[in-house]
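One letter stands for each residue in the lines below.
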Amino acid sequence: MGARDKVRARIQKFLSTWPRPVWVILLGWVINSTGFGMIVPFMSLYFHQVLGIPMKFIGLLFLATAIVRAISGMVSGRLSDRIGRRPLLILAPAGRGITFFVVAFLVHHRAPFFPTAFVIAVTFLMAAAYQPVAQAVVADAVEKNRRLQAYAWTRVAMNLGWALGPAMGGYISQFSYTFLFVIGGILGLGAALLVFMGVPETAPIKTGSFPEKGIEKDMPEEKRETIRPMGNLRPPGDSFLVPLRDKPFVHYAVATLFLYLLMAQLVATLPVYAVEWVQISKVQLGHLFALNGLLVVFLQTSVIRYLKRFSILRVQVFGSLAYALFYFLMAGADAFPALLVLIVGITLAEMSVTPGTVTVVSQMAPAKSMGNYMGVFGLFSSAAWSFGPFIGGLLLDFFPGRPYALWGTVAVLGIIASGFYMKFRSRFGDIWSGS
């Protein structure tokens, strides 16, 4: 076999890792997150520096978009169970692309803040509609004992887009904010076309395929008696409220709410602390975030490959505690190198626990309600990412010059999450994720 044939064989083996719809979803995630990452960091600059809008109004815009994202994700997830995944996967990025073109027109003509902000909120609505549906497609297409690795790949795709997007946006915004939104619109339409060509319908209501509930069928015989199957704990019914009447799901979602409140400090509390308290430069702050993104891109799948020999809940119990410890150690960071080391620790904790959150939800959700569960779970995570920065801001104001009080309080969020996960594991059983 020649060198070219060996390369081709390796590529084919790699591509056979996941079904074609999953690869298309992953590529669509890269495109979507690149478009959004290219625009989101520079919206504030445009409104504040070009239009002269006070930051309090820009902050209200981000709060409004957080609410819009939460509602949109919940509704789209539910709709995907009823009308199918494919229409929403096509319409969401296409609608976002079109609204980006509208924003480009408004920016070009220096339209007032409020109409421009309204259309931007619509783009966030469209963007949020994609994620729970895409997560449901992964659950539809991938065997239950391989979902943890699959969701690790979705994190790689999203982080790759968020690494590429801001870099592109930084160059483009230097000469044209209008062109920035035009490129975002093109990427949105490109993602819609990609899904149109490469993703068939996977929703059970359309395909007639209802996989067996529970995870026992994916486990070795000797492992099956070590858990209590969650499938027996799910309530009957078929409405938006089904997940909220599911006690194991709500318990798990609340645990993850505290975990995500802790995670949100990376983009809220840490930047202010690093620049104003530790007094690193903004360029160095950018390097911290670049390190976080690159570690996820290059190490996420390897970390999960190692950890999948353990139960997901056990990893989340100890991973949440590790998260809390690394944030507490921030109080002793007095220079850029110390922050670099702690960012590595925080990112490793992030890579350990985050893919498991969606995986557990996919294991608990009935096949016919997968989108609904993903959407409601997105409501909890969106709430955390909305209120996390607010909590961080309060703590910075409440503990001026007292880093141990600041980061000690932040670390409590991780300890609470770990306690909830531990109690969940004892009450409702475990999720096994062996190879």
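Every value quoted in this text rests on a predicted model; they were computed, and no experiment measured them.

## Some remarks on the nonpolar core
Argument step 1. Counting 88 residues, the largest nonpolar core has I25, L89, Y252, Y323, Y327 and W407 as the members making the most contacts within it.
Argument step 2. A total of 11 residues in this core trace back to one element, the largest contributor, which is helix 13 (residues 336-364).
Argument step 3. Once residues lying within four places of it in the same chain are set aside, the contact partners of I25 are L89, Y130, A134, V137, V138 and V199.
Argument step 4. Membership of the second largest hydrophobic core comes to 27 residues, among which are F47, L61, F100 and F113.

## Notes on a nonpolar patch on the surface
Argument step 1. Taken together, the side chains of F57, L60, L63, I67, I71, V75, L79, I83 and F114 define a hydrophobic patch exposed on the protein surface, amounting to about 780 Å² of accessible area.
Argument step 2. A total of eight residues in the nonpolar patch trace back to one element, the largest contributor, which is helix 3 (residues 55-83).
Argument step 3. Tracing the chain through its elements places I67 in helix 3.
Argument step 4. Judged by relative accessible area, which is 48%, I67 ranks as partly exposed.

## A closer look at the packing of aromatic side chains
Argument step 1. The full count for this structure, using the stated rule, is 20 aromatic pairs.
Argument step 2. With centroids separated by 5.8 Å and ring planes inclined at 70 degrees, the aromatic side chains of W23 and W153 adopt a geometry described as edge-to-face. Remark: W153 occurs in helix 6 (residues 147-172) and W23 occurs in helix 2 (residues 20-50); sequence separation between them is 130 residues.
Argument step 3. Between F249 and Y373, the aromatic rings sit 5.0 Å apart at their centres with planes inclined by 70 degrees, giving edge-to-face as the arrangement. Pair noted here: F249 is in helix 9 (residues 247-263) and Y373 is in helix 14 (residues 370-398), with a separation of 124 residues, a long-range link.
Argument step 4. The class for F249 is buried, based on a relative accessible area of 0%.

## Overview of helix 15 (residues 403-428)
Argument step 1. An ideal rise of 1.5 Å per residue puts 38 Å on 26 residues; helix 15 measures up with 38 Å between its terminal C-alpha atoms.
Argument step 2. The complete set of buried residues in helix 15 reads L406, W407, V410, A411, L413, G414, A417, S418, Y421, F424 and F428.
Argument step 3. Buried positions along helix 15 lie against helix 9, helix 10 (269-277), helix 12 (312-329), helix 13 and helix 14.
Argument step 4. Just past helix 15, the residue G429 takes up positive phi, approximately 100 degrees.

## With respect to the pattern of salt bridges
Argument step 1. Scanning the model with the defined rule gives four salt bridges in all.
Argument step 2. Linking R146 and E143 is a salt bridge whose minimum nitrogen-to-oxygen distance equals 3.7 Å.
Argument step 3. Where R155 meets E350, a salt bridge forms, and the shortest distance between an N and an O atom there is 2.4 Å. With a gap of 195 residues between them, R155 in helix 6 and E350 in helix 13 connect regions that are remote in the sequence.
Argument step 4. Using a relative accessible area of 9% as the deciding quantity, one classes R155 as buried.
Argument step 5. The network of salt bridges with common partners includes D81, R85 and D140.

## Topic: the side chain of S382
Argument step 1. Residue placement: S382 occurs in helix 14.
Argument step 2. Take S382: its relative accessible area is 14%, and that puts it in the buried class.
Argument step 3. With residues up to four places along the chain from it excluded, the contact list for S382 reads A66, R69 and A70.

## A closer look at unusual backbone geometry
Argument step 1. Phi is positive for R110, which is not a glycine, with a value near 50 degrees.
Argument step 2. With respect to the helices and strands, the residue R110 is situated in the loop between helix 4 (85-108) and helix 5 (113-141).
Argument step 3. One non-glycine residue, Q279, adopts positive backbone phi at about 65 degrees.
Argument step 4. Position of Q279 relative to the elements: it lies in the loop between helix 10 and helix 11 (282-307).
Argument step 5. The class of Q279 is exposed, set by a relative accessible area of 65%.

What counts, and at which threshold
Residues numbered from 1 in each chain as written. Predicted model: local features only at pLDDT ≥ 70, side-chain atom pairs only at ≥ 80, totals over all residues. Heavy atoms only, no water. Core = buried A, V, L, I, M, F, W, Y, C linked by side-chain atoms within 4.5 Å. Buried < 20%, exposed > 50% of the residue type's maximum accessible area, 1.4 Å probe, protein only. Helix = DSSP H or I, 4+ residues; strand = E, 2+ residues; numbered from the N terminus. Contact = heavy atoms within 4.5 Å. Patch = residues over 30% accessible without salt bridge, like charges linked within 9 Å, V, L, I, M, F, W, Y side chains within 5 Å. Areas by Shrake-Rupley, 256 points an atom, 1.4 Å probe, with all protein chains shown as cover. Salt bridge = Lys/Arg side-chain N within 4 Å of Asp/Glu carboxyl O. Phe/Tyr/Trp six-rings, centres within 6.5 Å; stacked < 30°, edge-to-face > 60°. Expected span 1.5 Å × (residues − 1).

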